[in-house]
Amino acid sequence: MNPPPFAVLEPPEFRVGIGYDCHRLVPDRPLMLGGVEIESDKGLLGHSDADVVLHAITDALLGAVGQGDIGELFPPSDPQWKDAPSSVFVRHAVELVQGYGWRVVNLDIVVVIERPRILPHRESIRENIRKLLGIDVGAVGLKAKTGEGIGPVGKGKLAESHAVVLLMRREKPKLM
Ligand code: MG
């Protein structure tokens, strides 16, 4: 019997990944969030540019394909990552995900920081993340929360970010 002259529809395959990161807020460092520099009297301390948002996204992507975490792939002990823009880590993770045959459907991000206010910067951050991942801006959710004045976040000593990503198996080639 001849195969059908059209692609057989199969149930779509999905993966989810979760990522979390935190960095200390200190004077005399730039505040990078989602690849966008935000005016602030404090910035994030880390070996790279310490962009908590992009680090959480990187870990979510790696987690969705079972590939460890950002610390393993880009160890802080490696001098080549000193002050590196974290977009490098995200791009690497996206290439890895695509290499395994997946595409990013959407992601949702929470950034937790006492100040400055993130809302005025939300659209530029979403746009930057959209470009990095090659997806529609509607597929990038970004919410900002504070620490309500208590704990290390509330006292302005720490910033945190959480990210969840959904991947879908890319369309299989048609049979003919
Ligand atoms: Mg980090």
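Look up a bit, the structure's there.
Conventions used here
Residues numbered from 1 in each chain as written. Predicted model: local features only at pLDDT ≥ 70, side-chain atom pairs only at ≥ 80, totals over all residues. Heavy atoms only, no water. Core = buried A, V, L, I, M, F, W, Y, C linked by side-chain atoms within 4.5 Å. Buried < 20%, exposed > 50% of the residue type's maximum accessible area, 1.4 Å probe, protein only. Helix = DSSP H or I, 4+ residues; strand = E, 2+ residues; numbered from the N terminus. Contact = heavy atoms within 4.5 Å. Donors = N, O, S within 2.8 Å, 3.2 Å for Na, K, Ca; no water. Axes fitted to C-alpha atoms, helices over the stretch in contact; angles between N-to-C directions. Left-handed = near helix turned anticlockwise from the far one by under 90°. Nonpolar A, V, L, I, M, F, W, Y, C, P; charged D, E, K, R; others polar. Pairing = 2+ DSSP bridges.

**Q** Give me the nonpolar core: which residues, what numbers.
**A** Grouped together as the largest cluster of nonpolar side chains are 40 residues, with contacts concentrated most on Leu33, Ile57, Leu61, Leu107, Ile109, Ile129 and Leu167. Where this core is concerned, the elements lending two or more residues are β2 (31-33), β3 (36-38), α1 (52-64), α3 (87-99), β5 (102-112), α4 (122-133), β6 (140-145) and β7 (158-169). With residues near it in sequence (within four places) discarded, Ile129 still touches Gly34, Val53, Leu54, Ile57, Leu107, Ile109 and Val140. Membership of the second largest hydrophobic core comes to five residues, among which are Ile70, Phe74, Trp81 and Ala84.

**Q** Before we move on, could you go through the coordination of the magnesium ion and cite the residues and values that matter?
**A** Donor atoms from the polypeptide that bind the magnesium ion are Asp21 (OD), His23 (NE2) and His55 (ND1), placed at 2.1 to 2.2 Å. As a motif over one chain, the donors of the magnesium ion read D-x1-H-x31-H. Neither residue differs from the other here; Asp21 and His23 are each classed as buried.

**Q** I'd love a proper account of the packing of α1 against α4, names of residues and values included.
**A** Look at α1 against α4: their axes get within 12 Å of each other, and the N-to-C directions meet at 35°. Two packed elements cross with a definite hand, and for α1 against α4 that hand is right-handed. In contact with Val53, Leu54, Ile57 and Leu61 of α1, α4 contributes Ile129, Leu132 and Leu133. Residue composition of the contact of α1 with α4, by class: seven nonpolar, no polar and no charged.

**Q** Give a description of the sheet that holds β7 that names residues and reports values.
**A** One open sheet accounts for five strands, arranged β4-β1-β7-β5-β6; its pairing is mixed. Every interior strand has two partners, whereas the edge strands, β4 (42-44) and β6, have only one. Across this sheet, the average inter-strand angle for adjacent strands is 20°, counted without regard to direction. Pairing analysis gives six bridges linking β5 to β6, with the strands arranged parallel. Across the sheet, residue Val112 finds its bridge partner in β6, namely Lys145. The strands that α1 touches are β1 (14-27), β4, β5 and β7; relative to β1, the one it contacts most, it runs at about 155°.

**Q** Explain the environment of Val90 to me, using residue names and the numbers behind them.
**A** Relative to the elements of secondary structure, Val90 occurs in helix α3. When the C-alpha atoms of Val90 and Thr58 are compared, they prove to be 5.0 Å apart, with 32 residues separating the residues in sequence. Discounting residues that sit within four places of it in the chain, Val90 has contacts with Leu54, Ile57, Thr58, Leu61, Leu132 and Leu133.

**Q** Account for unusual backbone geometry, with residues named and values stated.
**A** Of note, the amide linkage connecting Arg115 to Pro116 takes the cis form, showing an omega dihedral of 5°. For Pro116, the position within the fold is in the loop between β5 and α4. Even without glycine at this site, Ala50 takes up a positive phi of about 65°. Residue position: Ala50 is located in the loop between β4 and α1. The backbone of Glu148 sits at a positive phi, close to 55°, despite the residue not being glycine. In this fold, Glu148 is placed in the loop between β6 and α5 (151-154). Judged by relative accessible area, which is 69%, Glu148 ranks as exposed.

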